[in-house]
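Analysis of the macromolecular model
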Amino acid sequence: MKARAFCVSFILFASLMISITATATDWYVDAVNGSDNNGGTSLEDAWKTLKHATSQTNYTGTEEEPCIMHVAPGIYSPSANGETFPLAFFHAGIPEGYGELRGSGSDVTIIDAEGTNRVLQLTLDNGTVSDVTITGGDHAGGTMGGGISAYCAGGTIHLERCVVRDNYKGRGLDTAVHPGTYIITDCQFINNNGPRDGSGAGIRINNMVTMKMANCLVANNTIYDDPRFVGGGLYIAADTYVR
């Protein structure tokens, strides 16, 4: 009887562990009700800051089951929930590394660096950022993206239903010089300011990049008053394919 009880207990424990592993590709962050002392595996157990969440995940999901970070409505900023920037999402060099940062809507999920640093630093093979507002980025110490600085390691980065606005000294979106594809759908790039030593305030598309855009708004982006630099809204470098 004891042996049978042990066997049943072991099976239940093993089943529980399999269940936990299967759902561990979904993580949750809630600036209002979360805590960084939580486990992050459900909305009720959500972390509080994106900075903590990025330090706890490895984004080793597959195309069929990507690692998804669900971000609840709220303001993610230094003053609102103690957020620190920049936020580094995803990891390159993992062939099966599919990850997604999924907000709850660009009108309710606001990621605001409040001028402390750039907002997002994306380094990944394949991934998606969707349904968030990216604002308040300031990369005063360099020329890369104040809102989003992206490095696509040969795969595809998707931006969907995002608003990238009011980022300073480093563009709304800046892509690294590296072969990769960016697919931008239903996004807005508004009121971003370019750096003094480079072109492109709203979006800069660098060499060897393929960019596909659909139903996007690029408006009121300004470069510093310097005749050497161009492309207040969109700057496209050589050896770049855009459609």
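Residues numbered from 1 in each chain as written. Predicted model: local features only at pLDDT ≥ 70, side-chain atom pairs only at ≥ 80, totals over all residues. Heavy atoms only, no water.

Attention now goes to the environment of Arg-118. Take Arg-118: it is sitting in the loop between strand S6 (109-112) and strand S7 (120-130). Overall, Arg-118 belongs to the buried group, its relative accessible area being 8%. Sequence-wise, Arg-118 and Ser-149 are 31 residues apart; in three dimensions their C-alpha atoms are separated by 7.9 Å. A polar atom in the side chain of Arg-118 sits 3.0 Å from the side chain of Gln-121. (Helix = DSSP H or I, 4+ residues; strand = E, 2+ residues; numbered from the N terminus. Buried < 20%, exposed > 50% of the residue type's maximum accessible area, 1.4 Å probe, protein only. Polar contact = N/O pair within 3.5 Å; in protein donor to acceptor, adjacent residues only side chain to side chain.)

For S7, a buried count of 9 out of 11 residues is recorded, marking the element as mostly surrounded by other parts of the structure. Bridge analysis of strand S4 (residues 87-89) against S7 gives 3 bridges, and the strand direction is parallel. Paired with Leu-87 across the strands is Leu-120, a residue of S7. As defined by bridge partners, S7 adjoins strand S9 (residues 148-160) across 10 bridges and the pair is classed as parallel. Each bridged residue has a counterpart across the sheet, and for Gly-127 the counterpart in S9 is Ile-157. (Pairing = 2+ DSSP bridges.)

Attention shifts here to the pattern of salt bridges. Evaluated as defined, the whole model comprises 4 salt bridges. A salt bridge links Arg-102 to Glu-100; the nearest nitrogen and oxygen atoms lie 2.9 Å apart. The exposure class of Arg-102 is partly exposed, given its relative accessible area of 32%. Among the ionic pairs, Glu-160 bridges to Arg-161, the shortest N-O distance being 3.8 Å. By relative accessible area, which is 39% here, Arg-161 ends up partly exposed. Overlapping salt bridges bring together Asp-131, Glu-160 and Arg-161 as one network. (Salt bridge = Lys/Arg side-chain N within 4 Å of Asp/Glu carboxyl O.)

What follows concerns the nonpolar core. Leu-50, Leu-101, Ile-111, Leu-120, Leu-122, Ile-148 and Leu-173 are the most contacted members of the largest nonpolar core, which has 40 residues in total. Looking at this core, the element that brings in the most residues is S9, giving 5 residues. (Core = buried A, V, L, I, M, F, W, Y, C linked by side-chain atoms within 4.5 Å.)

Let us now look at the packing of aromatic side chains. The description of two aromatic rings rests on the distance between their centres and on the angle between their planes. Under the criterion given, the structure shown has 1 aromatic pair. For the ring pair Trp-27 and Trp-47, a centre distance of 5.4 Å and an interplane angle of 15° mean the geometry is stacked. You can see Trp-27 sitting in strand S1 (residues 26-29) and its partner Trp-47 sitting in the loop between S1 and helix H2 (50-56), a full 20 residues away along the chain. Trp-47 shares its class with Trp-27; the two are buried. (Phe/Tyr/Trp six-rings, centres within 6.5 Å; stacked < 30°, edge-to-face > 60°.)

A few words on the confidence of the model for the protein. Any residue range with low pLDDT should be treated as having predicted coordinates unsuitable for detailed reading. Taken residue by residue, the protein gives an average pLDDT of 79. The fraction at 70 or more is 73%. Note on residues 1-24: pLDDT is under 50 here. Beyond four places in sequence and across chains, it has 0 contacts. (pLDDT = per-residue confidence, 0-100. Contact = heavy atoms within 4.5 Å.)

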